[in-house]
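# Inside the fold
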Amino acid sequence: SWLAGDLLCRLIKFLQCLVTYASNYILVALSIDRFGAIVQPMSFSKRARWLLFSSWIISAIFSLPQLFLYEVIEIQGRLQCWIEFDEQWHWQLYMTLVSIFLFFVPVTIIACCYGLIIKKIWNRGSRRYTTNDVFNVSLHRESSRGVIPRAKVKIVKMTFLIVVGKYF
């Protein structure tokens, strides 16, 4: 039985949802920040702080329905903190929206960020340097030993494992 009352029912369900969303959207913020670090490596702004703040705000917004949907109701003679919908399609809509915003949106953003990171790193390594380039000799030596291609393959594998490992 739920003995904590309606207010705590709604608050606890909100906080449970908030932490779940925040977990995913902080990973999104990390991937966006990593992408920014690759694209603009010398840009030391307040990007990370802003991204984390945004993650928590977005998570709170997506968790707000919990405050209105959950309530203490009697089920089989006992009080329960429960969500109840009048129609089956309401439940299906609710679960679809939760799935989209909790899984599909974050995994899409993370996959895009890491895909763009891989593309950026791959393109940087294949850039042609002029004979006046200071790093030309050392790059030529490294690439002739196969160091750059091995590094690229390692980055692609690690990125794939990060994205896939999070959700599967």
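Residues numbered from 1 in each chain as written. Predicted model: local features only at pLDDT ≥ 70, side-chain atom pairs only at ≥ 80, totals over all residues. Heavy atoms only, no water.

What follows covers the nonpolar core. Grouped together as the largest cluster of nonpolar side chains are 13 residues, with contacts concentrated most on Tyr 21, Tyr 70 and Tyr 94. If you list the elements that add at least two residues to this core, you get α1 (5-39), β2 (78-83) and α4 (88-125). With residues near it in sequence (within four places) discarded, Tyr 21 still touches Ser 59, Phe 62, Ser 63, Val 98, Phe 101 and Leu 102. (Core = buried A, V, L, I, M, F, W, Y, C linked by side-chain atoms within 4.5 Å. Buried < 20%, exposed > 50% of the residue type's maximum accessible area, 1.4 Å probe, protein only. Helix = DSSP H or I, 4+ residues; strand = E, 2+ residues; numbered from the N terminus. Contact = heavy atoms within 4.5 Å.)

The general pattern is negative phi for most residues beyond glycine and trans for most peptide bonds. If you check the backbone angles, Gln 76 has positive phi at about 50° while not being a glycine. For Gln 76, a relative accessible area of 81% puts it in the exposed group.

What follows concerns the packing of α1 against helix α2 (residues 47-63). Between α1 and α2, the shortest axis-to-axis distance is 8 Å and the interhelical angle comes to 150°. When the axis of α1 is compared with that of α2, the two are roughly antiparallel. Read as a crossing pair, α1 and α2 show a hand that is right-handed. Between α1 and α2, the residues in contact are Phe 14, Cys 17, Leu 18, Tyr 21, Ala 22, Tyr 25, Ile 26, Ala 29, Ile 32, Asp 33, Gly 36 and Ala 37 and Arg 47, Ala 48, Leu 51, Leu 52, Ser 55, Trp 56, Ile 58, Ser 59, Ala 60, Phe 62 and Ser 63, respectively. Residue composition of the contact of α1 with α2, grouped by class: 17 nonpolar, four polar and two charged. (Axes fitted to C-alpha atoms, helices over the stretch in contact; angles between N-to-C directions. Parallel < 35°, antiparallel > 145°, perpendicular 65-115°, else oblique. Left-handed = near helix turned anticlockwise from the far one by under 90°. Nonpolar A, V, L, I, M, F, W, Y, C, P; charged D, E, K, R; others polar.)

What follows concerns the packing of aromatic side chains. Under the criterion given, the structure shown has eight aromatic pairs. Ring geometry for Tyr 21 and Tyr 25: centres 6.4 Å apart, planes at 25°, overall stacked. Here Tyr 25 and Tyr 21 lie together in helix α1, a separation of four residues that amounts to about one turn. You'll find Tyr 21 and Tyr 25 in the same group, each marked buried. A connected cluster of aromatic rings, assembled from ring pairs, spans Tyr 21, Tyr 25, Phe 62 and Phe 101. (Phe/Tyr/Trp six-rings, centres within 6.5 Å; stacked < 30°, edge-to-face > 60°.)

Turning our attention to the state of the cysteines. Under the criterion given, the structure shown has one disulfide. With its sulfur 1.9 Å from that of its partner, Cys 9 forms a disulfide with Cys 81. The chirality of the disulfide connecting Cys 9 with Cys 81 is right-handed, given an S-S dihedral of about 85°. Of this pair, Cys 9 sits in helix α1 while Cys 81 is found in strand β2, placing the two residues 72 residues apart along the sequence. By relative accessible area, Cys 81 is classed as buried at 9%. Sulfur of Cys 113: no disulfide; nearest cysteine sulfur belongs to Cys 112 and is 7.1 Å away. (Disulfide = S-S within 2.5 Å.)

A separate point is α2. If you check α2, its first and last C-alpha atoms are 24 Å apart, about what 17 residues at 1.5 Å a residue would give, namely 24 Å. Listing the buried residues of α2 in full gives Leu 51, Ser 54, Ser 55, Ser 59 and Ser 63. The arc that holds every buried residue of α2, seen down its axis, measures 165°, which confines them to one face. Exposed side chains of α2 directed beyond 90 degrees from the buried face belong to Arg 49, Trp 50, Phe 53 and Ile 61. Close packing links the buried residues of α2 with α1 and α3 (65-69). (Expected span 1.5 Å × (residues − 1). Arc of directions from axis to C-beta.)

Attention now goes to the environment of Val 105. Within the secondary structure, Val 105 sits in helix α4. For Val 105, a relative accessible area of 27% puts it in the partly exposed group. Discounting residues that sit within four places of it in the chain, Val 105 has contacts with Tyr 25 and Ile 100.

Taken by themselves, the reported measurements are silent on function.
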